[in-house]
Amino acid sequence: MGKQTREDELNCGACGYDTCREHAVAILKGLAESEMCLPYTIEQLKKTVKELNLSHEQLASTQAALMQSEKLASMGQLAAGIAHEVNNPLGIVLVYAHLLLDEYKNQPEMREDLEMIARHADRCKKIVAGLLHFSRQNKVVYQETDVRRLVDQTLRAIPQPDGVRVDVRHELADPRAELDGDQITQVLTNLITNAYAAMPNGGTLKAVTSGTDDVVTITVGDTGVGIPDENREKIFEPFFTTKQIGKGTGLGLAVTYGIVKMHSGDIRVESNADPDRGPTGTTFTVTLPRRART
């Protein structure tokens, strides 16, 4: 009945016995039940309610992840079809645009128009490439990877904007994990690029590696403008972007989400865009299994 010491014995009589000890003796003899103790029953109910709430939260989280996966799968099939149909004629436009540029290199008025055609066609090619990458069902090529080195190399490969300070902390005792290094590099590239873009007036980018015996965690945070609450649930949707036209395709975080899920991992975001609520900024946390799950 959860009564380990004398002080726990309330002797309230709610069970029909004068003392808790008499009730315990009756239980031992098979003449009573533990549930007859009102305080014991209340504690058991509290425990059950707590477990049910936890189960409900886990179920809601799983349901949301499943809906997102189904949405991405449908979008992926559509994107693949569109990308393959558009890619070939777009390539022809680019080839002829560059041929014409060579032919009219001495005519500035023609070159300006042709350069605009080539520039926008090239942007379309990048969007199509993003579509294909988003839609393809890659198998993860697992290899033992040094996560700390992966983070350091990715940061060195991306130009650091003026006014932005980079703070790297490696709290990972064992940096080794079975990952697809190329795909995780793309995840880091997307997160770091977005973080830099969110700090046009400067700030701090913080990258942290940590983990346990079972998982590795990579955190990328910034002190930028933050993500408004109304956009928080849309950021992993394909083609959703808050950047200016021509600055982004809206596929980066969708691809990132897909790669993390293919690794049987998890990605979470915390953000504040309201200065009245405290410092603004965004933090993405990527959690990946240390060993490949087949």
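Everything that follows concerns the structure shown earlier in this document.
In this text, all values refer to a predicted model and were calculated from it rather than measured experimentally.

Describing the pairing of strand 4 (residues 203-211)
The two faces of the sheet receive side chains in turn, since in a regular strand these alternate between them.
Item 1. Strand 4 sits mainly inside the fold: seven of its nine residues count as buried.
Item 2. Pairing of strand 2 (residues 164-170) with strand 4, which is carried by seven bridges, proceeds in the parallel orientation. Bridge pairing links Arg169 to Val208 in strand 4.
Item 3. Linking two consecutive strands that pair antiparallel, namely strand 4 and strand 5 (residues 215-222), is a turn of three residues.

Observations regarding empty space enclosed by the protein
Item 1. Within the structure shown, the criterion is met by one cavity of 30 Å³ or more.
Item 2. Of the volumes computed, that of the largest cavity is approximately 50 Å³.
Item 3. Lining the largest cavity are Met1, Lys3, Asn11, Cys12, Gly13, Cys15, Thr19, Cys20, His23, Cys37 and Leu38.
Item 4. Its residues assigned to classes, the lining of the largest cavity comprises six nonpolar, four polar and one charged.

Remarks on unusual backbone geometry
Item 1. Located in the positive-phi region is Asn11, a residue other than glycine, with phi close to 50°.
Item 2. Relative to the elements of secondary structure, Asn11 occurs in the segment before helix 1 (20-28).
Item 3. You will see that Ser264, though not glycine, has its phi angle at about 60°, which is positive.
Item 4. Locating Ser264 in the fold gives a position in the loop between helix 6 (252-262) and strand 6 (266-272).
Item 5. Judged by its relative accessible area of 33%, Ser264 falls in the partly exposed class.

Criteria and cut-off values
- Numbers given for residues are sequential positions, taken from 1 along each chain in its written order.
- Side-chain atom pairs in this predicted model are given and counted only at pLDDT of 80 or more, local residue features only at pLDDT of at least 70, and totals for whole chains, interfaces and linings cover all residues.
- Each side-chain value is derived from all of the structure's non-hydrogen atoms; neither hydrogens nor water enter the calculation.
- Summary of the burial criterion: residues with accessible area below 20% of their type's maximum are buried, those above 50% are exposed, and those between are partly exposed, where the area comes from a 1.4 Å probe applied to protein chains only.
- Under the scheme used here, helices are H or I runs from DSSP no shorter than 4 residues and strands are E runs no shorter than 2 residues, and both carry numbers assigned from the N terminus.
- Two strands are counted as paired when DSSP detects at least two bridges linking them.
- Of the two site types, the cavity is a set of points on a 1 Å grid over the protein atoms alone where a 1.4 Å probe fits but cannot get out, and the pocket is an open set with protein on both sides within 12 Å along at least five of seven lines, each lined by residues with an atom within 4 Å of a point.
- Grid points are joined across faces, edges and corners, and a volume is the space filled by probe spheres set on the points.
- Note that Gly is not counted as nonpolar here; it falls among the polar residues with everything else outside the nonpolar set of Ala, Val, Leu, Ile, Met, Phe, Trp, Tyr, Cys and Pro and the charged set of Asp, Glu, Lys and Arg.

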